[in-house]
Amino acid sequence: MLFRSIDGQNATGDAFDLVDGVTDVTITGFVIRNLGHTSFLNGTGVGVQAYVPSTSDVTVSHNRFTDVGYGLLVGNDGSTARYALGTHRYWNVSFNVFEGVYSAAIELTDTSDSTAGSNVIHLDAAGSGPMGFFSWVRIDQRNLSIVGNTVDGTQGTYPAIWVKAQGSSTPNLDGLVIRNNRVTADAGSGWQLTVSEVTTGTVTGVDVADNSVGSFRNLTSSAIDLAGNWWGQSTGPAAGQTGGTVTTAPWITGYTDSGTTPGFWPTGVELSGEPGNSAPPTISGVRRVGAALTSTDGTWTGSPVPTLSYQWQRSADGSTGWSNITDATARSEEHTAELQSLAYLVC
């Protein structure tokens with residue numbers, strides 16, 4: 001691919017500034033660098049800016065952003081007519097490289113049905129940032145996917161990936177997907193991933209799995225299921241690696257990372273918490289009226305260790321028509337005359 005260069009020579013300005021209502025735009029094959037910026041929050045020095053009420057069908061792929069304020073800044077804040085609240089849809093931000101970003105590599109605020117995928121983001125803790133990915137949901141955001149990204153280096157005050165719902169109406173994060181990301185950025189005393197909710201925000205249907213992550217904080221009023229993530233060790237998250245109401249089991253206990261694409265794409269994944277059996281239970285004893293039949297437990301694995309219970313069953317032929325024997329729930333049961341002609345199974 002032939003890359004074209006946009007060099008701001010450290011002057012304050014943006015490389016691409018999309019107007020309200022624009023649609024069907026593709027930005028690919030650019031090296032965008034040296035855009036001057038004046039502060040962490042005011043959105044200057046942006047590689048691709050769409051801080052307007054609405055845009056749609058925009059693809060930003062296979063670009064390199066170096067020494068900029070923001071790589072991408074999409075959204076609005078309602079502060080002026082130009083920045084009136086609205087929604088953006090169908091953005092595809094993929095296979096880009098970001099380095100030397102002062103504020104955020106990618107911001108997709110109020111952006112629905114969109115994907116940030118397979119990007120490589122190198123953070124270097126300039127200023128209060130930087131963040132790898134940021135989304136501030138003010139009114140509505142549905143079906144946003146953050147998939148297969150690598151975020152490394154050293155983050156600043158804010159999380160490497162941060163999605164929050166906050167607004168005067170009822171913003172939501174329905175269908176948020178955070179998967180297959182490799183987040184190794186040094187968070188210091190902070191958090192690598194945060195999902196938060198302020199005032200009237202709602203968070204439902206959040207899918208966070210198959211990530212390699214050091215820490216996750218949930219600042220919403222709803223529990224978030226973090227099952228199926230790699231926490232850096234086979235024993236799952238250690239103390240201090242999670243915050244807020246979350247569940248983490250089962251977690252990834254071992255993996256082979258192919259390393260062929262950005263993000264965390266494990267093969268041969270093993271999950272904790274799923275019970276496994278390497279030796280089935282057996283029955284010992286003499287089939288004689290009045291004698292005891294006893295079950296062995298077999299060998300089971302899982303985290304936590306499975307708790308066993310017992311239920312004897314009967315069958316006329318030993319292969320079909322199994323039914324529970326009433327009150328036969330102990331490890332050993334007396335062999336009765338009624339059961340003498342039947343086959344048995346313990347479970």
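Residues numbered from 1 in each chain as written. Predicted model: local features only at pLDDT ≥ 70, side-chain atom pairs only at ≥ 80, totals over all residues. Heavy atoms only, no water.

(A) Representation of the overall build of the protein chain. Within the protein chain, the regular secondary structure consists of zero helices and 34 strands. Here the protein chain, with 347 residues, has 46% of them falling under the buried criterion. Of all intrachain contacts in the protein chain linking residues separated by at least 6 positions in sequence, the fraction that spans at least 24 positions is 67%. (Helix = DSSP H or I, 4+ residues; strand = E, 2+ residues; numbered from the N terminus. Buried < 20%, exposed > 50% of the residue type's maximum accessible area, 1.4 Å probe, protein only. Contact = heavy atoms within 4.5 Å.)

(B) Fine view of the sheet that holds strand 29 (residues 292–295). Ordered by their spatial adjacency, three strands build an open sheet running 28-29-33, and the pairing between neighbours is antiparallel. The strands lining the two open edges of the sheet, one partner per strand, are strand 28 (283–284) and strand 33 (332–334). With two bridges joining them, strand 28 and strand 29 adopt antiparallel strand pairing. Each bridged residue has a counterpart across the sheet, and for I283 the counterpart in strand 29 is S295. (Pairing = 2+ DSSP bridges.)

(C) How the structure looks around a nonpolar patch on the surface. Taken together, the side chains of Y255, V269 and L271 define a hydrophobic patch exposed on the protein surface, amounting to about 210 Å² of accessible area. For L271, the position within the fold is in strand 26 (residues 266–271). (Patch = residues over 30% accessible without salt bridge, like charges linked within 9 Å, V, L, I, M, F, W, Y side chains within 5 Å. Areas by Shrake-Rupley, 256 points an atom, 1.4 Å probe, with all protein chains shown as cover. Salt bridge = Lys/Arg side-chain N within 4 Å of Asp/Glu carboxyl O.)

(D) Quick look at the side chain of S114. With respect to the secondary-structure elements, S114 resides in strand 11 (residues 114–117). Of the polar contacts made by the side chain of S114, one reaches the backbone nitrogen of Y90; its length is 3.2 Å. Only 2.7 Å separates the side chain of S114 from the backbone oxygen of S112, close enough to count as a polar contact. For S114, the contacting residues outside a window of four places in its chain are R89, Y90, W91, N143, L144 and S145. (Polar contact = N/O pair within 3.5 Å; in protein donor to acceptor, adjacent residues only side chain to side chain.)

(E) Molecular detail of the environment of D124. Considering the arrangement of structural elements, one finds D124 in strand 12 (residues 120–124). A sequence separation of 22 residues divides D124 from Y102, and the C-alpha atoms of the two residues are 8.4 Å apart. Ignoring any residue separated from it by four or fewer positions in sequence, one finds D124 in contact with G100, V101, P130 and T154.

(F) Layout of the nonpolar core. The biggest cluster of nonpolar side chains holds 50 residues, and the ones touching the most others in it are W91, I106, F133 and F216. When residues in this core are grouped by element, the largest group, five residues, is from strand 9 (residues 97–108). In this structure F133 touches I106, L108, A116, L144, I146, A160, I161, W162 and V163, once residues within four positions along its chain are discounted. In terms of nonpolar packing, the next biggest core, distinct from the first, is built from eight residues, Y51, L73, F134 and W162 among them. (Core = buried A, V, L, I, M, F, W, Y, C linked by side-chain atoms within 4.5 Å.)

(G) Representation of empty space enclosed by the protein. Applying the stated criterion across every chain yields a total of one cavity of 30 Å³ or more. Here the largest cavity defines a volume of roughly 40 Å³. Lining the largest cavity are I106, A116, I121, G132, F133, I146, N149, V151, A160 and I161. Residue composition of the lining of the largest cavity, grouped by class: eight nonpolar, two polar and no charged. (1 Å grid on protein atoms, 1.4 Å probe; cavity = no way out; pocket = protein on both sides within 12 Å on 5 of 7 lines; lining within 4 Å. Points joined across faces, edges and corners; volume = space filled by probe spheres on them. Nonpolar A, V, L, I, M, F, W, Y, C, P; charged D, E, K, R; others polar.)

(H) Representation of the environment of G13 within the structure. Its location among the elements puts G13 in the loop between strand 1 (4–7) and strand 2 (16–17). On the basis of relative accessibility, which here comes to 25%, the residue G13 falls in the partly exposed class. For the pair G13 and H37, spaced 24 residues apart in sequence, the C-alpha to C-alpha distance is 7.6 Å. In contact with G13, other than residues within four places in its own chain, are L35, G36, G45 and V46.

(I) Representation of the pairing of strand 19 (residues 193–197) within the structure. Of all five residues in strand 19, five are buried, a share of seventy percent or more. Across the two faces of strand 19 the burial is the same, with L193, V195 and E197 and T194 and S196 all buried. As judged from the five bridges shared by strand 16 (residues 161–165) and strand 19, these two strands associate in the parallel manner. Counterpart to W162 in the pairing with strand 19 is T194. As judged from the four bridges shared by strand 19 and strand 21 (residues 216–219), these two strands associate in the parallel manner. Counted as the bridge partner of V195 is N218 from strand 21.

(J) Seen up close, the pattern of salt bridges. Summed over all chains, the structure comprises six salt bridges. Between R64 and E99 there is a salt bridge whose closest N-O contact spans 2.9 Å. Within this pair, whereas R64 is found in strand 7 (residues 64–75), its partner E99 is found in strand 9, the two being separated by 35 residues in sequence. What makes R64 partly exposed here is its relative accessible area of 34%. Note on E99: relative accessible area 24%, which makes it partly exposed. Its salt-bridge partner being R89, residue D113 comes within 2.7 Å of it at the nearest N-O pair. Placement of D113 in the loop between strand 10 (111–112) and strand 11 and of R89 in strand 8 (residues 88–94) is noted, with a sequence separation of 24 residues between them.

(K) Geometry of the packing of aromatic side chains. The final tally for this structure, using the stated rule, is seven aromatic pairs. Measuring from centroid to centroid gives 6.3 Å for F134 and W136, while their planes differ by 75°, and the two rings are edge-to-face. Classification of F134 as buried rests on a relative accessible area of 7%. Note on W230 and Y255: the rings are 4.9 Å apart at their centroids and 65° apart in plane angle, and the pair reads as edge-to-face. In this pair, W230 sits in the loop between strand 22 (224–225) and strand 23 (242–243) while Y255 sits in strand 25 (residues 252–257), placing the two residues 25 residues apart along the sequence. Overall, the relative accessible area of 33% leaves Y255 in the partly exposed class. Over the ring of F30 we find R4, and its NZ or CZ is 4.3 Å from the ring centre. The residue whose ring lies beneath R138 is W136, and the NZ or CZ to ring-centre distance is 4.0 Å. (Phe/Tyr/Trp six-rings, centres within 6.5 Å; stacked < 30°, edge-to-face > 60°. Lys NZ or Arg CZ within 6 Å of the ring centre and 35° of its normal.)

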